[in-house]
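Residue-level structural notes
Each chain, letter by letter, is given below.
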Amino acid sequence: MSAPSHLFLPEADTSKPITMYGPDFPFAYDDWLKHPSGLGSVPPHVLGAEVAIIGAGMAGMAAAHELMKMGLKPVIYEASRIGGRLRSQPFEGAEGIIAELGGMRFPESSTAFYHYVNMLGIDSKPFPNPLAHPASNSTVIDLEGETIYVERPDQLPPFFKEIQECWSKALEEGAAFTELRQAVRERDTARVKEIWNRLVPIWDDRTFYDFVATSYAFGQKSFRHREVFGQVGFGTGGWDSDFPNSMLEILRVVCTDCDENQRFMVGGVEQVPRGLWHMSPENMAHWPKGTSLASLHSGATRPAARRISRDSDGRISVTDRWGHTKSFEACLVTVQSWVLTTNMEVEENLFSPKLWMALDRTRYMQSSKTFVMVDRPFWKDKDPATGRDLMSQTLTDRLTRGTYLFDNGDDKPGVICLSYSWMSDALKMLPETPEDRVKLCLESLAKIYPNLDLASHIIGDPITVSWESDPNFLGAFKGALPGHYRYNRRMYCHFMQDEMPAHERGIFMAGDGVSWTPGWVEGAVQTSLNAVWGIMHHLGGKSPTDNPGPGDLFEKLKPIELPE
């Protein structure tokens, strides 16, 4: 889910920044990371112990980095490439010109993720979302054949402002939005939990569309108001694909500013996990200066993991795709949950039946992107007949849904994401070749820009992705359906293992699909830090008394438990 709320959110109080602090588990991960006492330590006899990390996405790499700093030896298994869904694909022959096939916009509220971005010195700039002036010069909204051109949000027609007012009133009416948002901003733990724990049983069983359609604010308006709200969403391609999801998914996004102040990583976000692979941290336990994850692996990750089982001595065994088996003191699995039941052989009693139910019932959303490289950022040229930009960031009900323009400088090629779509719109692209996907996109865009010869600007080969067809992912990100809160809680809280039977301990999970905020890299980082604490605790370690970790504060902060 990724659609910023420049259009339809209440005006923000900017006295303090909003971060992804809860609301289900309001632990300050950013403060834990930056504390001078560090995250924790393990006993001397455990130093150098090997821990398996399955998956080299952001969750796996962040956890491996922190475990290495503690003096453990992460052994990373990867089926494809470092980065996971932080995949920055370069265009052939064009230095630094990339297509962001997975995560591409990162809200400033993702403070644990930005801890690593800033540590690595990676530059970022405002993401060119529709209506995100001045990052976007202009925006075109094309619905039912009618095209609206605006350069600033205040130029939108009154109808869109009515929808904005309806959404704001619906949030207040159904979710005490301003109060919840302010509690998150203030990091008022007690108040966050009080409000959120009241909302969970109300909205877990109800969809996003139910929230909108049954609100008094939208109920006083026409179906067209709801339809346009779904088509255009919060400014980046519509939210109708999220209408079947639990309303809790949406509330988490808007109350933690996931959809505000988003940034684009200059040179590609894949630099973050790859930077952690090569980085040699300061103040490491056990390892000599200059040690990095890359050096511990002699420069390459292990092959894909294909089997996970329990040894007779209680250790966890991992078998790779070539049949080599290795035993570990602990194992962290960061793959999407469906991979555990389709692409890997996992010993059944490693997880409880209720956890298997949660892993199997997790529902993943489809997502498709199609990119082309163009000779220059021609869209900044003005149409002499109208005085408008030749092309704009575009939202439409046509096949393309969302089209984004990336300016790398006047002297460099530009990049256009011709189409970014989800669910049924993404499935329409699934059987098509890259060339045919481009043709379909150009046909749709020609109806919006009839006087623009977009094809004449395209250079090189297109780059496209359908995450649901990749056997290592089987979908883009989780989209919890009504009634899935209990499943999510089982997965998220799995790092707390003291009460589990011995045959279920020592294997941990992380990733945005385990988190409360699927589709946002901050969820991957936060769950990886939970797992770091869990592994440290499993091996007899602990956090400093002046910097307690998520497990130390779990009883105080734990997510509300709904009756089974």
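Each value, and the rule that gives it
Every chain's residues receive numbers from 1 upward, in the order its sequence appears when written. Per-residue local features are limited, in this predicted model, to residues with pLDDT of at least 70; the limit for side-chain atom pairs, both in listing and counting, is 80 or more; totals at the level of whole chains, interfaces and linings are taken over all residues. Side-chain calculation: all heavy atoms of the structure are included, whereas hydrogens and water are not. Starting at the N terminus, helices and strands are each numbered in turn, a helix being any DSSP run of H or I of at least four residues and a strand any DSSP run of E of at least two. Burial status follows relative accessibility: with a 1.4 Å probe on protein chains alone, a residue under 20% of its type maximum counts as buried, one over 50% as exposed, and anything between as partly exposed. Contacts were defined at the residue level, with two residues in contact if any of their heavy atoms lie within 4.5 Å. This count recognises Lys and Arg as positive and Asp and Glu as negative, with His and chain-terminal groups excluded. In this description, the location of a charge corresponds to atom NZ of lysine, CZ of arginine, CG of aspartate or CD of glutamate. Disulfides are defined as pairs of cysteine sulfur atoms found within 2.5 Å of each other. In short, DSSP must find at least two bridges between two strands for them to pair. In the cavity and pocket records, a cavity denotes points on a 1 Å grid over the protein atoms alone where a 1.4 Å probe fits but cannot get out, a pocket denotes an open set with protein on both sides within 12 Å along at least 5 of 7 lines, and lining residues are residues with an atom within 4 Å of a point. Grid points are joined across faces, edges and corners, and a volume is the space filled by probe spheres set on the points. Put simply, Ala, Val, Leu, Ile, Met, Phe, Trp, Tyr, Cys and Pro go in the nonpolar bin, Asp, Glu, Lys and Arg in the charged bin, and everything else, Gly too, in the polar bin. For helices, the fitted axis covers only the stretch in contact; all axes are lines through C-alpha atoms, and the angles between them, taken along N-to-C directions, range from 0 to 180 degrees. Roughly parallel means an angle under 35 degrees; roughly antiparallel, over 145; roughly perpendicular, 65 to 115; everything else is oblique. Buried Ala, Val, Leu, Ile, Met, Phe, Trp, Tyr and Cys residues form a nonpolar core when they are joined through side-chain atoms within 4.5 Å. Every residue gets a pLDDT, meaning the predictor's confidence in that residue, from 0 to 100. Centre distance within 6.5 Å is the pairing criterion for rings of Phe, Tyr and Trp, where only the six-membered ring of Trp is used; planes under 30 degrees apart are then read as stacked, over 60 as edge-to-face, and the remainder as tilted. Look at NZ for Lys and CZ for Arg. If either is within 6 Å of the ring centre and within 35 degrees of the ring normal, a charge sits over the ring. The rule for a salt bridge is simple: a side-chain nitrogen of Lys or Arg has to be within 4 Å of a carboxyl oxygen of Asp or Glu.

**Let's talk about the overall build of the protein**
- Along the protein, the regular secondary structure elements total 19 helices and 22 strands.
- Oriented by its inertia axes, the alpha-carbon framework of the protein measures out at about 75 × 55 × 40 Å.
- Taking all 564 residues of the protein together, the buried fraction comes to 60%.
- For the protein, long-range pairs separated by at least 24 residues make up 74% of all intrachain contacts whose partners lie at least 6 apart in sequence.
- Each charge class in the protein was averaged separately, 56 positive and 73 negative side chains, and the resulting centres sit 2 Å apart.

**Some details on the state of the cysteines**
- As enumerated under the stated definition, the model contains zero disulfides in all.
- Looking at C255, it has no disulfide partner, and the nearest cysteine sulfur is the one in C258, 8.1 Å off.
- Counting only cysteine sulfurs, C493 is the nearest neighbor of C331, a cysteine outside any disulfide, at a range of 20 Å.
- Looking at C331, the relative accessible area reads 0%, which means it is buried.

**Let's talk about the pairing of strand 12 (residues 325-328)**
- Pairing geometry for strand 11 (residues 316-320) and strand 12, over four bridges, is antiparallel. Across the sheet, the residue bridging to S317 is S327, located in strand 12.
- A loop of four residues connects strand 11 with strand 12, the two strands running antiparallel in sequence, and G323 in this loop sits at a positive phi of about 90 degrees.

**Section: empty space enclosed by the protein**
- Within this structure, the stated rule accounts for five cavities of 30 Å³ or more.
- Counted as a void, the second largest cavity has a volume near 100 Å³.
- In terms of lining residues, the second largest cavity is bounded by M20, G22, P23, D24, F25, Y492, S515, W516, T517 and Q526.
- Residues that form the lining of the second largest cavity fall into these classes: five nonpolar, four polar and one charged.

**Some thoughts on the packing of helix 3 (residues 111-119) against helix 18 (residues 521-538)**
- Two numbers describe how helix 3 lies on helix 18: the axes approach to 7 Å, and their chain directions differ by 90 degrees. Relative to helix 18, the element helix 3 is oriented roughly perpendicular. Contacts between helix 3 and helix 18 involve T111, A112, F113 and Y116 from the first element and V521, E522, V525 and L529 from the second.
- Taken together, the residues of the contact of helix 3 with helix 18 break down into six nonpolar, one polar and one charged.

**Considerations on unusual backbone geometry**
- In this model, G22 is joined to P23 through a cis peptide bond whose omega is 10 degrees.
- P134 follows H133 through a cis peptide bond whose omega is 10 degrees.
- Along the chain, P134 falls in the loop between strand 6 (124-126) and strand 7 (139-143).
- The phi angle at R401 is positive, at roughly 60 degrees, despite the residue not being glycine.
- Note on placement: R401 falls in the loop between strand 17 (393-396) and strand 18 (402-406).
- Judged by its relative accessible area of 5%, R401 falls in the buried class.

**Some points on the pairing of strand 10 (residues 305-310)**
- Both strand 10 and strand 11 contribute to a ladder of five bridges, which runs antiparallel. Counted as the bridge partner of R307 is T319 from strand 11.
- Between strand 10 and strand 11, which pair antiparallel one after the other, the connecting turn spans five residues, and G314 there sits at a positive phi close to 95 degrees.
- The pairing of strand 10 with strand 14 (residues 345-346) spans two bridges and is parallel. Paired with R307 across the strands is E345, a residue of strand 14.

**As for the side chain of Q526**
- Topologically, Q526 is positioned in helix 18.
- With relative accessibility at 11%, the residue Q526 sits in the buried group.
- If we skip the residues at most four places from it in the chain, Q526 touches M20 and Y29.

**Things to note about the nonpolar core**
- Within the largest apolar cluster, 111 residues are counted, with the highest numbers of intra-cluster contacts made by M58, L72, F113, Y116, W167, F208 and I535.
- The greatest single-element share of this core, amounting to nine residues, is contributed by helix 18.
- If near-sequence neighbours (up to four positions away) are discounted, I535 is found in contact with V51, L67, L72, A330, L332 and F508.

**Overview of the sheet that holds strand 14**
- Taken together, the four strands give an open sheet; going across it, the order is 12-11-10-14, and neighbouring strands pair in mixed fashion. Looking at the sheet topology across the chains shown, the edges are occupied by strand 12 and strand 14.

**A look at the confidence of the model for the protein**
- In the predicted model, the protein carries a mean pLDDT of 94, and the fraction of residues at 70 or more is 97%.
- This stretch, residues 1-12, has a pLDDT under 50; its non-local contacts, to residues over four places away or in other chains, come to 63 contacts.

**Quick look at helix 17 (residues 485-492)**
- The element helix 17 is extensively covered by neighbouring structure, given that seven of its eight residues are classed as buried.
- Of all the residues in helix 17, the buried ones are Y485, Y487, N488, R489, R490, M491 and Y492.

**Structural notes on the packing of aromatic side chains**
- By the definition in use, this model includes 32 aromatic pairs.
- Centre to centre, the rings of Y77 and F328 are 6.1 Å apart; their planes meet at 80 degrees, and the pair counts as edge-to-face. Taken together, the residues Y77 in strand 2 (residues 73-77) and F328 in strand 12 connect sequence positions 251 residues apart. Residues Y77 and F328 agree in their burial class; the two are buried.
- Members of the aromatic cluster, each reached through a chain of ring pairs, are F25, F27, Y29, W32, Y485, Y492, F495, W516, W533 and F554.
- The ring of Y420 has K369 sitting right over it, with the charged end atom 4.6 Å from the ring centre.

**Looking at the pattern of salt bridges**
- On inspection of all chains with the given rule, the structure shows 41 salt bridges.
- Across the salt bridge formed by E66 and K69, the nearest N and O atoms sit 3.7 Å from each other. With E66 and K69 both in helix 2 (residues 58-69) and three residues apart, the pair spans about one turn of that helix.
- Overall, the relative accessible area of 4% leaves E66 in the buried class.
- Linking R191 and E194 is a salt bridge whose minimum nitrogen-to-oxygen distance equals 2.8 Å. Highlighted residues: R191 and E194, both in helix 6 (residues 189-203), separated by three residues, approximately one helical turn.
- The network of salt bridges with common partners includes D30, D31, K34 and R187.

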